[in-house]
Amino acid sequence: MYGKQPKRWIINTIFVVLLIVVIIFTFSGSTIKLTRLKNLDYTLGDMFRRIIKIQWDFFFGVGDYQFSQGIVHLVLETFAIGFLGTLFGAILAIPFGFLGAESLVGKKVAKISEVILLIIRVFPEIILAIILVKGFGMNAFSGMLTIGLHSIGMLGKLFSEAIDNMDKSPFEALDSVGANVWQKIRYGVLPNILPDLSSITLYRLDINVRAVSILGLVSAGGIGSILTIASSMWSWELLGTILLAVIIMVMLVDFISSSLRKKLV
Amino acid sequence: MREFTLKSVAKVKQPFNKIWFVIGGLLITTIIFAQFIPFTPSSYRLSELGVIFKRLFVPYGVRTWNDYFGYFKEMQTPLIESIQISLGGTIIGSVLAFPVAFLSAHNVIKNKFISVPIKLIMNLVRSIPMIILAVLATFMVGTGVLSGIVAITLFSFGIMAKMLYEAIETVDMSPFEALESSGANKLVAFNYAIFSQIKPIYLGYVIYVFEINVRSSAVLGYVGAGGIGQVISDNILYNYNKVGVAIITIFITVIVVQIFSNWTRRKLK
């Protein structure tokens, strides 16, 4: 066996050469001005100082601002879009999950639903959001629909894998003692897959809540809408305020999601 | 709840099904958070959806099918830019993540004062959604491809560092300890004992992160960080055909990357 393996240093050199090629390729092209890195538009110290100056008034929506304009409200709206969207997507993904499970429906149907789910998954969220905003208005509802529809693709694939890997023995045991279809599902299938499905959905919730910030760019609601304002004003202070709120929210959702998932295993 | 009498004359109560708590909790949360989402069916213009689809993918106005397919040629430069951003950013971020993960794994560096603060900073960077990183990057280095590379590098660094230190912490420590006890210093021991165990896992993660980063190329361009997304944001107001062409390009790119990553993952096993 040792004689047949290529020498280690050959593989290592190939890797290093590939790495260098990739880096050269990355920075070639006339559109990149590497000199910008040397004099960052602000010095790092200045950036840091500005980003720390958090506008607490704006944060909580007190003082000059109403609550509904404050960042806390936007963060809650962001979570609402993420939560409801994921729930909506999860409920609709369940039938897709069953349709995609080879062991239940046979190879052809499973392949077709796999392709449909792939198309839904690959469609970039931002484009879906733009389209839905035109149809449903520039409000959080479009955002919820975007997250929901996109999640159907993602969750459907994971659901069908979970259903495939499910332990079939309780199902068969119930079948052999003569349970009818509803009893078989209720006592044989559901207790098996519900923990898996919930774990997958919680994982997706974590990712989706982060993705909601993108939707605000196209006016579909959530924290992304002030992001555009901060971006056009080049305001570090506003960005710092937004950053603080988003970090807290993401860490909270991450914490809730992982502790619930640990309980499910 | 129903009571059952067993053969041994003992009585057993069917326990309260906890699922009702879960359903109740879900319902309450849904109702609370639904307050934030307006639901006004009267303002919906569903016919608009069909119109948009047609405008995206069928030439309209004075444009012909020749024009439409000609737009694909214009996609070349933005596409290359997007690949530069995703590929370069992923690789640089992953390479940078390696030493940091090494320093923060508690089975390599026994000193908690080093590993814990580094882990904290990593968690912070990880919690920032890609789009905010992109805006941050445009603040730092101006708009254009460079900010895209910076954003993807930071993002990949955050994810890879966490995955790497988790992998390092779950690795089998015995070769490492054996090497250390026979006199090798930590770096050498790490290289031969731990790194060789991690390599396949590391490569798998790099491909996974690359896949995620390719999907973000649409968003990055939208905030001005270069690539195909910029075509979308430039043209969204007046030339839907170009937007449609950009969408198809992104679609094909992501599918190709998915197929490639599935193939590589199967080869790695």
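Calculation rules
- Residues numbered from 1 in each chain as written.
- Chains lettered and ligands numbered in written order.
- Predicted model: local features only at pLDDT ≥ 70, side-chain atom pairs only at ≥ 80, totals over all residues.
- Helix = DSSP H or I, 4+ residues; strand = E, 2+ residues; numbered from the N terminus.
- Rg over C-alpha atoms; globule rule 2.2 N^0.38 Å.
- Buried ≥ 20, exposed ≤ 12 C-beta atoms within 10 Å, placed from the backbone.
- Contact = placed C-beta atoms within 7 Å.
- Core = buried A, V, L, I, M, F, W, Y, C linked by C-beta atoms within 7 Å.
- Axes fitted to C-alpha atoms, helices over the stretch in contact; angles between N-to-C directions.
- Parallel < 35°, antiparallel > 145°, perpendicular 65-115°, else oblique.
- Left-handed = near helix turned anticlockwise from the far one by under 90°.
- Nonpolar A, V, L, I, M, F, W, Y, C, P; charged D, E, K, R; others polar.
- pLDDT = per-residue confidence, 0-100.

Novice: Is there a simple way to think about the overall build of chain B in this case?
Specialist: Counting its regular elements, chain B contains twelve helices and two strands. Overall, chain B shows an N-to-C arrangement of helices and strands of β-β-α-α-α-α-α-α-α-α-α-α-α-α. A globule of 269 residues ought to have a C-alpha radius of gyration of about 18 Å, yet chain B, at 26 Å, is considerably larger. In chain B, which comprises 269 residues, the proportion classed as buried is 39%. A separation threshold of at least 6 residues defines the contact pool for chain B, and within that pool the share at least 24 residues apart is 66%.

Novice: So what exactly am I meant to see when it comes to the nonpolar core here?
Specialist: Side chains of a nonpolar character, in soluble globular proteins, are inclined to be buried together. In this structure, Ile242 of chain A together with Leu133, Ala134 and Ala151 of chain B are the most contacted members of the largest nonpolar core, which totals 126 residues. Here this core takes 16 residues from helix H7 (residues 145–169) of chain B, the largest share from any one element. In contact with Ala151 of chain B, other than residues within four places in its own chain, are Met130, Leu133, Ala134, Ala137, Leu220 and Ala225 of chain B.

Novice: Would you mind showing me how to read the packing of helix H3 (residues 65–74) of chain B against helix H12 (residues 240–268) of chain B here?
Specialist: In a packed pair of helices, the relevant descriptors are the angle between the two axes and the axis-to-axis distance. All names here are of chain B. The contact between H3 and H12 brings their axes to 9 Å, and the two run at 55 degrees. By the angle class used here, H3 and H12 are oblique. The element H3 and its partner H12 pack so that their crossing is right-handed. Each of Tyr68, Tyr71 and Phe72 in H3 lies in contact with H12, whose residues at this interface are Asn241, Lys242 and Val245. Tallied by class, the residues present in the contact of H3 with H12 amount to four nonpolar, one polar and one charged.

Novice: Is there a simple way to think about the interface of chain A and chain B in this case?
Specialist: Contacts between the two partners involve 51 residues from chain A and, on the opposite side, 47 residues from chain B. Counting residues per element, the ones that place at least two in the side of chain A that touches chain B are helix H1 (8–27), helix H2 (35–38), helix H5 (71–100), helix H8 (125–136), helix H9 (140–164), helix H11 (181–215), helix H12 (224–233) and helix H13 (236–264) of chain A. If you tally residues by element for the side of chain A that touches chain B, the top one is H5 of chain A, at eight residues. For the side of chain A that touches chain B, the per-class residue count stands at 36 nonpolar, nine polar and six charged.

Novice: Explanation requested: the packing of helix H5 (residues 112–127) of chain B against H7 of chain B in the structure shown.
Specialist: Residue and element names in this part refer to chain B. Two numbers describe how H5 lies on H7: the axes approach to 8 Å, and their chain directions differ by 130 degrees. Relative to H7, the element H5 lies oblique. Viewed along their axes, H5 and H7 form a crossing whose handedness is left-handed. Contacts between H5 and H7 involve Met122, Val125 and Arg126 from the former and Leu154, Phe157, Gly158, Ile159, Ala161 and Lys162 from the latter. Split by residue class, the contact of H5 with H7 holds six nonpolar, one polar and two charged.

Novice: I tried to follow the confidence of the model for chain A on my own but got confused; where do I start?
Specialist: The predicted coordinates ought not to be read in detail in places where the model reports low pLDDT. With 85% of its residues at a pLDDT of 70 or more, chain A shows a mean pLDDT of 81. Mean pLDDT across the secondary structure elements of chain A bottoms out at H2 of chain A, with 61, and peaks at H9 of chain A, with 89.

Novice: Just checking my understanding: could you explain the environment of Ile200 of chain A for this structure?
Specialist: All names here are of chain A. Relative to the assigned elements, Ile200 resides in helix H11. With 22 C-beta atoms counted inside 10 Å, the residue Ile200 sits in the buried group. Along the primary structure Ile200 and Val250 are separated by 50 residues, whereas in three dimensions their C-alpha atoms are 18 Å apart. Once residues lying within four places of it in the same chain are set aside, the contact partners of Ile200 are Leu155, Leu158, Phe159 and Ala162.

Novice: I tried to follow the environment of Ile126 of chain A on my own but got confused; where do I start?
Specialist: Tracing the backbone through its elements, the reader meets Ile126 of chain A in helix H8. Sequence-wise, Ile126 of chain A and Val212 of chain A are 86 residues apart; in three dimensions their C-alpha atoms are separated by 10.0 Å. If sequence neighbours within four positions are ignored, Ile126 of chain A has contacts with Ile214 and Val218 of chain A together with Ala218, Val219 and Tyr222 of chain B.

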